[in-house]
Amino acid sequence: MLSERRLEVLRAIVQDYVGTEEPVGSKALTERHRLGVSPATVRNDMAVLEDEGYIAQPHTSAGRIPTDKGYRLFVDKLAGVKPMTAPERRAIHHFLDGAVDLDDVVGRTVRLLAQLTRQVAVVQYPSLTRSTVRHVELLSLAPARLMLVLITDTGRVEQRMVDCPAPIGEVSVADLRARLNSRVAGRRFADVPQLVQDLPDAFESEDRGTVSTVLSTLLETLVEETEERLMIGGTANLTRFGHDFPLTIRPVLEALEEQVVLLKLLGEVNDSGMAVRIGHENAHEGLNSTSVVSVGYGSGGEAVAKLGVVGPTRMDYPGTMGAVRAVARYVGQILAES
């Protein structure tokens, strides 16, 4: 275990390196921070931190920089989450408040996160596997043609055309709409098949084929839409950090193009708390020089998806964690109100 003083020295090194982009020396540390000890003592503390793998010396400099292990200790023990200021909170609210639909919410969230953190923002669309049905609308387009509209609790809207085996009257369409919603509204997607399996039996024999066709279309929609979708923004921000990537940012850019990699990066939605993965903790080799800060978002206290940012390991962790958490909360509020 490191002593409190050595933890303070590590905190100071991380803060200075993130702020100045320059390796940090003992003289600069004693001048900038009230450590209460001499430069010689700080030098000794830095030697211990280096021996234990928390800091390292770049070959060209006399100063030291944090390692992945050093950043990990900083995030776990030394860094609080920096709260957003009142003007920042107002700006977030104003920016997200004008969203007209789910695509707009996700698009605005990506732009906002990228602007706030000056990193790459990644937002996962709410997954239908964790969604509930808000409403099912049935519209008669022709005697034997209907439009089925599925609306989820997260504001997602899916439309499907249904070609019926026989004409169906307006009264029967209204009856089917009412019976369908009485069974599935407010229920989780996973429960829907069980809830509607005997619904055709409630109708006259001439309408049962159409009812079964409508139900098949609804269930197909639920299955199709379980595919995960993402939106990414702010990739150009990486070019500001060219010197933070050992050789080139190309591996990072290539990794960011792979949706499967990004979904793994964000992690499981069930694990919706704040997660920070640093450097080599990221399994994908192209992202070994980056850190990922992610958190779940959703309405009613249950996460339906995740959002986060990707940037260099030399990151303002308290500020980034604060921004990611604040944006996730606002998006959750919008979904709850939509």
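One structure accompanies this document, and this report is about it. (Residues numbered from 1 in each chain as written. Predicted model: local features only at pLDDT ≥ 70, side-chain atom pairs only at ≥ 80, totals over all residues. Heavy atoms only, no water.)

1. What about the overall build of the protein?
Across its full length, the protein holds 12 helices and 10 strands. Expected size for 338 residues packed as a compact globule is a radius of gyration near 20 Å; at 26 Å, the protein overshoots this value by more than 25%. Dimensions along the principal axes, computed over C-alpha positions, put the protein at roughly 90 × 40 × 35 Å. Put simply, the protein has 338 residues, and 50% of those count as buried. Partitioning the contacts of the protein with sequence separation of at least 6, the portion at a separation of at least 24 is 60%. Accessible surface for the protein amounts to roughly 16300 Å². Of this, 50% is attributable to carbon and sulfur atoms. Averaging the locations of the 37 positively and 45 negatively charged side chains of the protein gives two centres separated by 8 Å. (Helix = DSSP H or I, 4+ residues; strand = E, 2+ residues; numbered from the N terminus. Rg over C-alpha atoms; globule rule 2.2 N^0.38 Å. Buried < 20%, exposed > 50% of the residue type's maximum accessible area, 1.4 Å probe, protein only. Contact = heavy atoms within 4.5 Å. Areas by Shrake-Rupley, 256 points an atom, 1.4 Å probe, with all protein chains shown as cover. Lys, Arg positive; Asp, Glu negative; His and termini not counted. Charge placed at Lys NZ, Arg CZ, Asp CG, Glu CD.)

2. A closer look at the sheet that holds strand S8 (residues 275–278)
Backbone-to-backbone hydrogen bonds pair the strands of a sheet. The strands run either parallel or antiparallel. The strand order S7-S3-S10-S9-S8 describes an open sheet built from five strands, whose pairing is antiparallel. Strands with a single pairing partner mark the edges of an open sheet, and in this sheet they are strand S7 (230–233) and S8. Taking the axes of each pair of neighbouring strands and ignoring which way they run, one obtains an average angle of 15° across the sheet. Helix-sheet contacts for helix H11 (residues 259–266) involve strand S3 (120–124), S7, S8, strand S9 (290–297) and strand S10 (305–312), and the interaxial angle to S7 is about 90°. (Pairing = 2+ DSSP bridges. Axes fitted to C-alpha atoms, helices over the stretch in contact; angles between N-to-C directions.)

3. Here's the deal with the pairing of strand S4 (residues 133–142)
Pairing geometry for S4 and strand S5 (residues 145–152), over eight bridges, is antiparallel. Among the inter-strand pairings, Leu 138 is bridged to a residue of S5, identified as Leu 148. Hairpin connection between S4 and S5: a loop of two residues separates the two successive antiparallel strands.

4. Side note on the sheet that holds strand S6 (residues 157–163)
One open sheet accounts for three strands, arranged S4-S5-S6; its pairing is antiparallel. Two strands close off the open sheet at either side, each with one partner strand: S4 and S6. With strand direction ignored, the average angle separating the axes of adjacent strands in the sheet is 20°. Here helix H7 (residues 170–184) sits on the sheet and contacts S4 and S5; the angle it forms with S4, its principal contact strand, is near 165°.

5. Let's talk about the side chain of Asn 181
Within the secondary structure, Asn 181 sits in helix H7. From its side chain, Asn 181 meets the backbone oxygen of Arg 177 in a polar contact 2.9 Å long. (Polar contact = N/O pair within 3.5 Å; in protein donor to acceptor, adjacent residues only side chain to side chain.)

6. Looking at the nonpolar core
By size, the foremost hydrophobic cluster in this structure holds 58 residues, and its most contacted members are Leu 29, Leu 307 and Tyr 317. For this core, the element with the most residues is helix H12 (residues 317–337), which contributes 11 residues. When neighbours within four sequence positions are excluded, Leu 29 is seen to be in contact with Val 9, Ala 12, Ile 13, Asp 16, Val 24, Leu 35, Val 42 and Met 46. Grouped together as the second largest cluster of nonpolar side chains are 23 residues, Val 133, Ile 168, Leu 176 and Phe 203 included. (Core = buried A, V, L, I, M, F, W, Y, C linked by side-chain atoms within 4.5 Å.)

7. Some remarks on H12
With 21 residues, H12 extends 30 Å between its outermost C-alpha atoms, agreeing within 8% with the 30 Å of an ideal straight helix rising 1.5 Å per residue. Of all 21 residues that make up H12, 16 are buried, and the element is covered over most of its length. For H12, the side-chain oxygen to backbone nitrogen distance between the N-cap and Gly 319 is 3.2 Å, and the N-cap itself is Asp 316. (Expected span 1.5 Å × (residues − 1).)

8. Some details on a nonpolar patch on the surface
Together, Leu 139, Leu 141 and Met 161 make up a nonpolar patch on the protein surface, roughly 260 Å² of accessible area in all. The class for Leu 139 is partly exposed, based on a relative accessible area of 37%. (Patch = residues over 30% accessible without salt bridge, like charges linked within 9 Å, V, L, I, M, F, W, Y side chains within 5 Å. Salt bridge = Lys/Arg side-chain N within 4 Å of Asp/Glu carboxyl O.)

9. A few points about the pattern of salt bridges
Throughout the structure, instances matching the rule amount to 16 salt bridges. Here Glu 281 ties to Arg 72 by a salt bridge, and the two come within 2.7 Å at their closest N and O atoms. Note that Glu 281 is positioned in the loop between S8 and S9 and Arg 72 in helix H4 (residues 68–78), a separation of 209 residues in sequence. Judged by relative accessible area, Glu 281 falls into the partly exposed class, the value being 36%. Looking at Arg 72, the relative accessible area reads 19%, which means it is buried. The residue Arg 177 makes a salt bridge to Glu 137 at a minimum N-O spacing of 2.7 Å. Linking Arg 177 in helix H7 with Glu 137 in strand S4, this pair joins segments that are 40 residues apart in sequence. With a relative accessible area of 24%, Arg 177 lands in the partly exposed category.

Scope: geometric values only; no functional claims are made or implied.
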